[in-house]
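Reading the structure
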Amino acid sequence: MAGEFDFLEGFGISTSDVEQPANVYQKFLLDVGNQVTKDLSDFIKQKANNTGGLAASVVYFPTGALSFEIQADDYFKFQDEGVNAVGSSNHGSQYSFRYPGVSPKMATAIQQAYGVTTSHAYAVAASIKQHGIAPKRIIENVLNEKVLDRIANDLAEVTGLIFSIKFEKATQK
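Let me begin by describing the structure that accompanies this report. Remember, predicted model here, so these are calculated numbers, not experimental data.

The next point concerns the environment of G53. With respect to the element layout, G53 can be found in helix α4 (residues 53-57). Setting aside residues up to four positions removed in sequence, G53 forms contacts with D73 and Y75.

Next up, the structure:
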């Protein structure tokens, strides 16, 4: 066992800290948070329409000794839940484009993301507004019942208690 925890000392964590139950729970939550963050990022890279910035923005934040949040750029919710086209509810999303005109900000974002000309960026943006953004269902696909059950079972092994795990999206403005 000597040397097994050498790297922890650099973080101010002693072997006796690791042997304490609270630290086992904290490590478990850290492992879960990091795995969920990785899974979300990987799914975004595979399924979402972006240049990698959204996947890179997914980060784990401890919010207490035994809790955490996973945060991402503001437009995560639009990729996750989709955006209805102007005057439509074609994707069943709570989000909708409100007017058909393309703002310079949207065109610039597309131009910078995809390296297209200004006129091409406006055309792409107009098409996006006409058709909306199909939902990618990132949260549903990554944090499904099977994953939540696995987390609950692993937590039961760590604690000896039975858990029911529920995931809730934070309300965003």
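Our focus in this paragraph is the pattern of salt bridges. In total, this model carries three salt bridges according to the counting rule given. A salt bridge links D31 to K27; the shortest N-O distance between them is 2.7 Å. Here D31 pairs with K27, and both are found in helix α3 (residues 21-47), just four residues apart, close to one helical turn. Overall, D31 belongs to the partly exposed group, its relative accessible area being 39%. For K27, a relative accessible area of 49% gives the class partly exposed. The partner of D42 in a salt bridge is K38, with the nearest N and O atoms 2.6 Å apart. With D42 and K38 both in helix α3 and four residues apart, this pair spans about one turn of that helix.

Let us look at the nonpolar core. A general feature of soluble globular proteins is that nonpolar side chains tend to end up buried together. F28, L40, I44, F76, I138 and V142 are the most contacted members of the largest nonpolar core, which totals 19 residues. Only α3, α4, α8 (138-142) and α9 (145-159) provide two or more residues apiece to this core. Counting residues per element, this core draws most heavily on α3, which supplies seven residues.

The rules behind each value
Residues numbered from 1 in each chain as written. Predicted model: local features only at pLDDT ≥ 70, side-chain atom pairs only at ≥ 80, totals over all residues. Heavy atoms only, no water. Helix = DSSP H or I, 4+ residues; strand = E, 2+ residues; numbered from the N terminus. Contact = heavy atoms within 4.5 Å. Salt bridge = Lys/Arg side-chain N within 4 Å of Asp/Glu carboxyl O. Buried < 20%, exposed > 50% of the residue type's maximum accessible area, 1.4 Å probe, protein only. Core = buried A, V, L, I, M, F, W, Y, C linked by side-chain atoms within 4.5 Å.

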